[in-house]
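Breakdown of the fold
Now for the letters of each chain:
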Amino acid sequence: MLYILPVNDTIYMVIDMKYLTSGEIAVKWNISERSVRNYCNNGRVEGAILQGKTWLIPENAEKALEIIMGGEAKETDYLEVGGKRCMNVGGIGMDVDVLERCNRGKLKGKIKYLMSLLQSLFAFKGLPILIESEGREEKHDALIAAVCNGTQFGGGIVICPTAVADDQLIDVVIVDCIGGKWKIVKAFIELMKGRVLQYPLTTHFRCERVRFATDTPCTAQLDGELYTELDFDVKLCRGLRFYR
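Just so you know, these numbers come straight off a predicted model, no measurement behind them.

1. Describing the overall build of the protein
Counting its secondary structure elements, the protein contains six helices and 18 strands. Counting all 244 residues of the protein, 44% fall into the buried class. Pairs at least 24 residues apart make up 69% of the contacts formed inside the protein by residues separated by at least 6 positions. Roughly 13,100 Å² of accessible area belongs to the protein as shown, and the carbon and sulfur atoms make up 50% of that amount.

Here's what the structure looks like:
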């Protein structure tokens, strides 16, 4: 899985590395998960990163150093969404509903995400949005509406396999919520298989600027972080450098 880690304010590195959750590390180290989280909070676990509310710990923390020592930082695109920086994927729709359910739930680990996903799959009714982009204007009843600089979101789900981080374009992906619950299930299956761009109710285009407008304020996610009442006006930016 690809992870984006900061080196300083303008340089990042992209690492293809296996990470374990604090629960998985607790089993491996034969200690409590609470102890693992305390070690991470106190900076005692090298390479550990906090993604949302979950600590991710690399199986091989030395790999990050190898990338920096052996590579060259390259200029890379990023997205600015309502004044907030987004490095990978941002969006509104069912992915946000899943994250909100995860935050409210009392379960832990992967089962928590799976249960939230199943609940959202059958409860989410679609989000009416207006897409405005460089003279293009269209209405959608969206299951997911995403802007992509990277290919994956939601713990490794491939939302846009054709996205390239340095092509100076935003990949916009909208999956429409039409045809009842079984259509939603079918769209979800295609998403999990990394084939959502081939789904008949998917719209995909590239641009340098795009805005998602909704009838009522809604919550958006940027790289897995939730933002309420964010103006989802997206522009492509450059100026950051990445090790990758």
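So much for the structure itself; the text now carries on.
2. Quick word on the environment of L127
On the secondary structure map, L127 appears in strand β9 (residues 127-133). Between the alpha carbons of L127 and C218 there is a distance of 9.4 Å; along the sequence they are 91 residues apart. When residues no more than four places from it in sequence are discounted, the contact partners of L127 are I92, G93, H140, D141, A142, T214 and C218.

3. Some thoughts on the pattern of salt bridges
All told, the structure shown has ten salt bridges when counted by the stated rule. Between R195 and E190 there is a salt bridge whose closest N-O contact spans 3.2 Å. Looking at E190, the relative accessible area reads 15%, which means it is buried. In this structure, D233 engages R209 in a salt bridge whose closest nitrogen and oxygen atoms are separated by 3.2 Å. Within this pair, whereas D233 is found in strand β18 (residues 233-243), its partner R209 is found in strand β15 (residues 209-214), the two being separated by 24 residues in sequence. Each member of the salt-bridge network shares a partner with another, and the members are E75, D77 and R238.

4. Some points on the nonpolar core
In this structure, L143, V147, I159, V172, V210, F212 and F232 are the most contacted members of the largest nonpolar core, which totals 50 residues. If we ignore the near neighbours within four places in the chain, the residues touching V210 are I131, E132, S133, V147, V172, F205, F232, D233 and V234. With eight residues, the next largest nonpolar core counts I25, A26, C40 and I57 among its residues.

5. Quick notes on the side chain of D176
Position of D176 among the secondary structure elements: in strand β13 (residues 170-176). Buried within the structure, D176 lacks any salt-bridge partner; its nearest side chain of opposite charge belongs to R136, at an N-O separation of 9.7 Å. Those residues in contact with D176 that lie beyond four places of it in its chain are H140, D141, A142, L143, L201 and T203.

6. Observations concerning the packing of aromatic side chains
Taken as a whole and judged by the stated rule, the model has one aromatic pair. Seen from their ring centres, F212 and F232 are 4.9 Å apart, and the 5° between their planes marks the pair as stacked. Taken together, the residues F212 in strand β15 and F232 in the loop between β17 (225-228) and β18 connect sequence positions 20 residues apart. The class for F212 is buried, based on a relative accessible area of 4%. Between R85 and the ring centre of Y78, over which it is positioned, the NZ or CZ distance is 5.0 Å. Here the basic side chain of R136 rests over the ring of F205, its NZ or CZ set 4.0 Å away from the ring centre.

7. Quick look at the confidence of the model for the protein
Taken over all residues, the pLDDT of the protein has a mean of 80, while the share at 70 or more is 77%. Note on residues 61-65: pLDDT under 50 across the span, and six contacts to partners over four residues away in sequence or across chains.

8. A few points about the pairing of β17
Pairing analysis gives four bridges linking strand β16 (residues 219-222) to β17, with the strands arranged antiparallel. Of the residues in β17, the one forming a bridge with Q221 is L226. Between β16 and β17, which pair antiparallel and follow one another directly, the connecting turn spans two residues, one of which, D223, has a positive phi of 55°.

9. A closer look at unusual backbone geometry
Look at E134: it is not a glycine, yet its phi comes out positive at around 50°. Within the element layout of this structure, E134 appears in the loop between β9 and β10 (136-148). Here Q168, not a glycine, exhibits a phi torsion of approximately 60°, which is positive. As for its position among the elements, Q168 is in the loop between β12 (157-158) and β13. For Q168, a relative accessible area of 44% corresponds to the partly exposed category.

Thresholds, definitions, all that
Residues numbered from 1 in each chain as written. Predicted model: local features only at pLDDT ≥ 70, side-chain atom pairs only at ≥ 80, totals over all residues. Heavy atoms only, no water. Helix = DSSP H or I, 4+ residues; strand = E, 2+ residues; numbered from the N terminus. Buried < 20%, exposed > 50% of the residue type's maximum accessible area, 1.4 Å probe, protein only. Contact = heavy atoms within 4.5 Å. Areas by Shrake-Rupley, 256 points an atom, 1.4 Å probe, with all protein chains shown as cover. Salt bridge = Lys/Arg side-chain N within 4 Å of Asp/Glu carboxyl O. Core = buried A, V, L, I, M, F, W, Y, C linked by side-chain atoms within 4.5 Å. Lys, Arg positive; Asp, Glu negative; His and termini not counted. Phe/Tyr/Trp six-rings, centres within 6.5 Å; stacked < 30°, edge-to-face > 60°. Lys NZ or Arg CZ within 6 Å of the ring centre and 35° of its normal. pLDDT = per-residue confidence, 0-100. Pairing = 2+ DSSP bridges.

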